[in-house]
Amino acid sequence: IINDYRGVSVLSAYRSIQNHDLKWVIISEIDEAEAMLPILRLRNYLIVVTLFIILLTIVITYFLSNAIVNPVLQLKEIILTLSKGIIAPRRDIKTSTDEIGEMALAIQQLTDGLERTAMFATEVGSGNFNTSFTTLSEKDVLGSALIRMRDELRGFHEKELKSARARAAALLEGQENERRRIIKELHDGVGQMLTAIRMQV
């Protein structure tokens, strides 16, 4: 690479002529800008293609990650709400039949079960001891505990009713006995007083 007589950078190659009488060489030159133009075009094309591929990859990754992350974040929010004891209104989570979809279905079943359990507890708390409840599974600890609580409260309620009836009967019997005693005292006391007055008169 040299500067030619014009002062322009050129690619220059030379070779001597194979003639012993002449000391000549053949020189071939091409402007460096002209020679490098296809390479520069190729470089620019590769840069543009690479930038386009990177941009396309970023966009696809963004949409794919949102498609995966958004349902997971919604499930996380629902689980955090349930962990605080709040049964949020049902929200449909758009998922496919993959693991995230199965998790969403399980969380919806859990929410439905907790709603049923809360309604059962409310019924028992309001005094409806004949309400029925089916546990969520054979190992449903909360449901089994609520059923035992309902049965114990029903027993306590029945005992309380029997005790109230017994107290009412005892009260009536006591009132009746008191009436008899008062009547007897009035009869005996007034009768004796009248007899005594009559004798004195």
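A brief structural summary.

## Quick look at the sheet that holds strand β3 (residues 25-31)
Within the open sheet, the three strands sit side by side as β1-β2-β3. Their pairing is antiparallel. The open sheet has two edge strands, β1 (2-3) and β3, and neither has a second partner. Two elements, strand β2 (residues 9-16) and β3, share seven bridges in a ladder whose sense is antiparallel. If you follow Tyr14 over to β3, its bridge partner there is Ile27. Helix α1 (residues 32-83) contacts β2 and β3 of the sheet and is inclined by roughly 60° relative to β3.

## Examining the environment of Gly174
Mapped onto the secondary structure, Gly174 falls in helix α3 (residues 141-200). Gly174 sits 96 residues away from Ile78 along the chain, and the two C-alpha atoms are 61 Å apart.

## Here we look at the environment of Asn177
Inspection of the secondary structure assignment puts Asn177 in helix α3. Overall, the relative accessible area of 39% leaves Asn177 in the partly exposed class. When the C-alpha atoms of Asn177 and Gly143 are compared, they prove to be 50 Å apart, with 34 residues separating the residues in sequence.

## Digging into the packing of aromatic side chains
Here the structure, examined in full by the defined rule, presents two aromatic pairs. Summarising the aromatic geometry, the rings of Phe120 and Phe133 are spaced 4.7 Å apart at their centres and angled 20° between planes, so their arrangement reads as stacked. Of this pair, Phe120 sits in helix α2 (residues 99-125) while Phe133 is found in the loop between α2 and α3, placing the two residues 13 residues apart along the sequence. Over the aromatic face of Tyr5 sits the side chain of Arg6, whose NZ or CZ is 5.9 Å from the ring centroid.

## Quick word on the side chain of Thr81
Among the secondary structure elements, Thr81 is positioned in helix α1. For Thr81, the side chain forms a polar contact with the main-chain oxygen of Glu77, separated by 2.8 Å. Excluding anything up to four places from it in sequence, Thr81 contacts Ile86 and Ala88.

## Some remarks on α1
An α-helical turn contains 3.6 residues, so any two residues separated by three or four positions project in the same direction. Here α1 spans 72 Å end to end across 52 residues, near enough to the 76 Å set by a 1.5 Å rise per residue. For α1, every residue scored as buried is listed here: Pro71, Leu75, Ile78, Thr81 and Leu82. Residue Gly85 follows α1 closely and has a positive phi angle near 85°.

## Remarks on the packing of α2 against α3
In contact at an axis separation of 11 Å, α2 and α3 are set at 10° when each is read in the N-to-C sense. Here α2 lies roughly parallel to α3, going by the angle between them. The segment α2 lies against α3, with Thr117, Phe120, Ala121 and Val124 engaging Leu142, Leu146, Ile147, Met149, Arg150 and Leu153. In terms of residue class, the contact of α2 with α3 is built from eight nonpolar, one polar and one charged.

Conventions we followed
Residues numbered from 1 in each chain as written. Predicted model: local features only at pLDDT ≥ 70, side-chain atom pairs only at ≥ 80, totals over all residues. Heavy atoms only, no water. Pairing = 2+ DSSP bridges. Helix = DSSP H or I, 4+ residues; strand = E, 2+ residues; numbered from the N terminus. Contact = heavy atoms within 4.5 Å. Axes fitted to C-alpha atoms, helices over the stretch in contact; angles between N-to-C directions. Buried < 20%, exposed > 50% of the residue type's maximum accessible area, 1.4 Å probe, protein only. Phe/Tyr/Trp six-rings, centres within 6.5 Å; stacked < 30°, edge-to-face > 60°. Lys NZ or Arg CZ within 6 Å of the ring centre and 35° of its normal. Polar contact = N/O pair within 3.5 Å; in protein donor to acceptor, adjacent residues only side chain to side chain. Expected span 1.5 Å × (residues − 1). Parallel < 35°, antiparallel > 145°, perpendicular 65-115°, else oblique. Nonpolar A, V, L, I, M, F, W, Y, C, P; charged D, E, K, R; others polar.

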